[in-house]
Amino acid sequence: MKISDVVAFMGHQVHVCRYREAGTLLSWMGRDLRGKRVLDVAGGDGYWAGRARRRGAQAVSIDLARGKMVYGRTLADAPALIECDALRLPFGDASFDAVLSVCAIEHFDDGGKSLDEMARVLKPGGEIFMSADVLSRADAWPKLRDAHKAKYHVQHTYTHESLRKLMDERGLDLVQHSYQFRTAATERLYLSLSTYGGKVGFNAAAPLAPLVALADRNAPNRQGSIVLVHARKR
């Protein structure tokens, strides 16, 4: 394994939430992706699209962060990496069987437009697997909320219901959803780590991931810091 792969593994999988977040989306997508075309929207270095490629998919990752994409080309199982705008995808209609997007829509000025494009390039019967910031209780900690939004350029937040409405308007039916960091304590942990810890803090807190997952299982699936959704095109 190359050093670049080790660094990518540490950044994406040794993380208090990202492995569980993206891992859940990929588990919903399925273990056998042979013959399927998968697009990762705002995929950065393409790491998660690369996981889809390992499962047999023809995987493409798009982003505007050229440095991350140059780095991504050094990784094992690198997908096709294309520099482009998520609001103007350079692909024909019905080009992909599945679309993946890990906590990206909240960063777009126009989340609806990004969903327009995801739905457009998706085949009928194709599926979207995406996550988004919710920050259900963030108003209780305004300093943490504002610092998180400023640091990560969060333009909007979403719930599964608001995403359901946006998707329904674009011919997409919500299949399932799941919240992560569902309790007040774990949501405050998430915001504290994002505000003060950054990537190092999230990775250092990785041993807490099983405890967060246990707390989530014991809490109602109605709110949290991050929402995961799975939808299908009519």
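What this report covers is the structure whose coordinates are included nearby. Quick caveat: nothing in here was measured; it's all calculated off a predicted structure.

Attention now goes to the sheet that holds strand β6 (residues 172-180). Within the open sheet, the seven strands sit side by side as β3-β2-β1-β4-β5-β7-β6. Their pairing is mixed. Edge positions in the sheet fall to β3 (80-83) and β6, since each has one partner strand and no second. Looking at each pair of strands side by side, their axes are set apart by 15 degrees on average, direction ignored. Summarising the sheet, strand β1 (residues 37-41) and strand β2 (residues 58-63) pair through five bridges and their orientation is parallel. Along β2, the bridge assignment pairs D40 with S61.

In this section: the nonpolar core. Residues L39 and I62 are the most contacted members of the largest nonpolar core, which totals 33 residues. Listing elements by their share of this core, those giving two or more residues are β1, β2, β4 (96-101), α5 (111-121), β5 (122-133), α7 (160-168), β6 and β7 (226-233). If near-sequence neighbours (up to four positions away) are discounted, L39 is found in contact with V60, I62, L89, F91, F96, A98, V99, L100 and V121. Residues C17, W28, W141 and L144 belong to the second largest nonpolar core, which totals 32 residues.

What follows deals with the pairing of β4. For β4, the tally of buried residues reaches five of six residues, placing the bulk of the element in the interior. With three bridges connecting them, β1 and β4 associate as parallel partners. Looking across to β4, one finds that V38 is bridged to A98. Here five bridges tie β4 to β5, and the two strands are oriented parallel to one another. Within β5, the position partnered with F96 by the bridge is L122. Since β4 and β5 lie parallel, the crossover through α5 that links them has a hand, and here it is right-handed.

Once that is clear, we can look at the packing of aromatic side chains. A complete count under the given rule lists four aromatic pairs for this structure. A centroid spacing of 5.0 Å and a plane angle of 90 degrees characterise the contact between Y47 and W48, whose relative ring orientation is edge-to-face. There is no split in this pair, since Y47 and W48 are both buried. Where F91 meets F96, the ring centres are 5.1 Å apart and the plane angle is 85 degrees; that geometry is what we call edge-to-face. Exposure class is identical for F91 and F96. Each is buried. Three or more aromatic residues link up through ring pairs in this structure, and these residues are F181, Y190 and F202. Taking NZ or CZ as reference, R51 lies 4.5 Å from the ring centre of Y47, over its face.

Before going further, it helps to examine the side chain of S114. Here S114 lies in helix α5. Since its relative accessible area comes to 1%, S114 is described here as buried. Discounting residues that sit within four places of it in the chain, S114 has contacts with A86, L87, I105 and F108.

Our focus in this paragraph is helix α6 (residues 142-151). Buried residues of α6: L144, R145 and H148, and no others. Here the buried residues of α6 occupy an arc of 100 degrees about the axis, which is enough to place them on one side. Within α6, the exposed residues directed more than 90 degrees away from the buried face are K143 and A150. Where the residues of α6 are buried, they touch β5 and α8 (184-204).

Cut-offs and rules
Residues numbered from 1 in each chain as written. Predicted model: local features only at pLDDT ≥ 70, side-chain atom pairs only at ≥ 80, totals over all residues. Heavy atoms only, no water. Pairing = 2+ DSSP bridges. Helix = DSSP H or I, 4+ residues; strand = E, 2+ residues; numbered from the N terminus. Axes fitted to C-alpha atoms, helices over the stretch in contact; angles between N-to-C directions. Core = buried A, V, L, I, M, F, W, Y, C linked by side-chain atoms within 4.5 Å. Buried < 20%, exposed > 50% of the residue type's maximum accessible area, 1.4 Å probe, protein only. Contact = heavy atoms within 4.5 Å. Right-handed = clockwise from strand over helix to strand, strands pointing away. Phe/Tyr/Trp six-rings, centres within 6.5 Å; stacked < 30°, edge-to-face > 60°. Lys NZ or Arg CZ within 6 Å of the ring centre and 35° of its normal. Arc of directions from axis to C-beta.

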